[in-house]
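Examination of the molecular architecture
Chain by chain, the residues:
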Amino acid sequence: MSDRNLSIREALNEALAEEMERDENIFLMGEEVGHYDGAYKVSRGLLEKFGERRVIDTPISENGFAGVGVGAAMVGLRPVIEFMTWNFALIAIDQVVNSAAKMRYMSAGQFKVPVTFRGPSGAVMQLAAQHSQSFESYYSHVPGLKVIAPCNSKDAKGLLKSAIRDDNPVVFMESEAMYGIRSHVPEGELVIPLGQCDIKRPGADVTLICWGKTVPLCLTAAEQLAESGVQAEVIDVMTIRPLDEMTLIQSLKKTNRAVVVQEAWPQASVGTWIAHRLQVEAFDFLDAPIRVLSGKDFPYPYATSIEAEMAPKAEEVIEAVRRSM
């Protein structure tokens, strides 16, 4: 099986096209997904291939088209709802949290809700405070939702295909800053199961736990740590909910130290939850407190000179590791 270099947007596009070809009940809906080929060109060519009944442009009405997606999923279709950014999805949070996430439970299993909500998340150059937020903790707080954050093209394709096939609502959070980054994607069918972490780099001295944009950051830090003899194991969470605690615990039993790295704000975050769970389940194996390295705790600025200081950096990861050592 040969490999190809695809950008994340191309891998997502391929996943959508393959799934829509496989199952006529799948449709894509959102702002500018059709005639404009998507705000970030993820849906390029899909309107021409599948037509306006299955690639549906909407008004600027997140609450409305998210609700249409939930209703369509309840009657047997498999909608993929694209938010132009997860910042805009706050308008639709009632549909995601109060309708999609709870319907299967409240109906005692009479209704499945196989809807995938997807779109870009996190900071990118100079989009300022209202458009640069990482909201994975909002959605992973809610039982009934699955929350995914891929870091490369292969994972983006395989996880999106699994999300679309899942009978539960999935929140699929793509890094806006990473759409153009290329990496290898194997030819042929590629489905990556939800609910599993992936060890991106093995190591024995410390565990770096990350997802989305912080995965390449941690890999860079691990390479620099290796130059001084510290072998860091880098684990990509991939599925934030349900969390694959077992893989994280097994790594911690081996390395005895961990640093969680996230782009999001620190308080009530995914990183603090992971640190709590590991300290409860693997406390006896710890040689140092688990550290959580987060984005700075204030709204994203517009000025590039300040914006550059917001997200964690490789040197900050290395410093956190050294303090653990």
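Look up a bit, the structure's there.
Here goes a summary of the coordinates provided.

How each quantity is defined
- Residues numbered from 1 in each chain as written.
- Predicted model: local features only at pLDDT ≥ 70, side-chain atom pairs only at ≥ 80, totals over all residues.
- Heavy atoms only, no water.
- 1 Å grid on protein atoms, 1.4 Å probe; cavity = no way out; pocket = protein on both sides within 12 Å on 5 of 7 lines; lining within 4 Å.
- Points joined across faces, edges and corners; volume = space filled by probe spheres on them.
- Nonpolar A, V, L, I, M, F, W, Y, C, P; charged D, E, K, R; others polar.
- Helix = DSSP H or I, 4+ residues; strand = E, 2+ residues; numbered from the N terminus.
- Contact = heavy atoms within 4.5 Å.
- Pairing = 2+ DSSP bridges.
- Axes fitted to C-alpha atoms, helices over the stretch in contact; angles between N-to-C directions.
- Core = buried A, V, L, I, M, F, W, Y, C linked by side-chain atoms within 4.5 Å.
- Buried < 20%, exposed > 50% of the residue type's maximum accessible area, 1.4 Å probe, protein only.

1. A few points about the layout of surface pockets
Taking a probe equal in size to a water molecule and rolling it over the atoms shows the remaining empty space. Empty space within the largest pocket amounts to approximately 230 Å³. Considering only residue class, the lining of the largest pocket consists of 6 nonpolar, 4 polar and 2 charged. Quantified by volume, the second largest pocket comes out at close to 160 Å³. Along its surface, the second largest pocket is lined by A123, V124, M125, A177, K213, E263, Y300, T304, E307, A308 and A311. Counted by class, the lining of the second largest pocket contains 7 nonpolar, 1 polar and 3 charged residues.

2. Here's the deal with empty space enclosed by the protein
If you walk through the whole model with that rule in mind, you get 3 cavities of 30 Å³ or more. The wall of the largest cavity is formed by 15 residues, among which S121, E136, G212, K213 and E263 lie closest to the centre. The element best represented in the lining of the largest cavity is strand β7 (residues 170-175), accounting for 3 residues. Here the residues of the lining of the largest cavity sort into 5 nonpolar, 6 polar and 4 charged. Reported here for the second largest cavity is a volume of approximately 50 Å³. Broken down by class, the residue content of the lining of the second largest cavity amounts to 4 nonpolar, 4 polar and 2 charged.

3. Examining the side chain of S251
Position of S251 relative to the elements: it lies in helix α8 (residues 245-255). Once residues lying within four places of it in the same chain are set aside, the contact partners of S251 are T207, E233 and I235.

4. Overview of the sheet that holds strand β5 (residues 116-121)
Judged by pairing direction, the sheet is mixed, and its 7 strands sit side by side in the order β3-β2-β4-β5-β7-β6-β12 without closing on themselves. The open sheet has two edge strands with one neighbour each: β3 (55-57) and β12 (239-241). For this sheet, the mean angle separating the axes of adjacent strands, direction not counted, is 20°. Examined bridge by bridge, strand β2 (residues 26-30) and β3 share 3 bridges and lie parallel to one another. By the bridge assignment, L28 is partnered in β3 with V55. On the sheet, helix α3 (residues 62-74) packs against β2, β4 (78-82) and β5 and is oriented at approximately 165° with respect to β4.

5. Quick word on the nonpolar core
Buried together is how nonpolar side chains tend to be arranged in soluble globular proteins. F83, F117, Y139 and I274 are the most contacted members of the largest nonpolar core, which has 45 residues in total. With 5 residues, the single largest contributor to this core is α3. Counting residues in each nonpolar core, the second largest holds 32 residues, with A15, V42, L160 and L190 among its members.

6. Re the pairing of β2
Among the 5 residues that make up β2, 5 are buried, leaving the element largely enclosed by the rest of the structure. Two strands pair when backbone bridges link them, and β2 and β4 are joined in this way by 5 bridges, in the parallel orientation. Considered in β4, the bridge of M29 is made with I81.

7. Topic: the sheet that holds strand β14 (residues 291-293)
As summarised here, the arrangement of the 5 strands in space is β9-β11-β10-β13-β14, forming an open sheet in which the pairing is mixed. In this open sheet, the two edge strands, each paired with only one partner strand, are β9 (198-201) and β14. Ignoring which end each strand starts from, the neighbouring axes of this sheet average 25° apart. The sheet contact formed by β9 and strand β11 (residues 232-236) spans 3 bridges and is antiparallel. Bridge pairing in β11 places I199 opposite I235. Packing against the sheet, helix α9 (residues 270-281) makes contact with β10 (206-210), β13 (258-261) and β14, and its axis sits at approximately 170° to β14.

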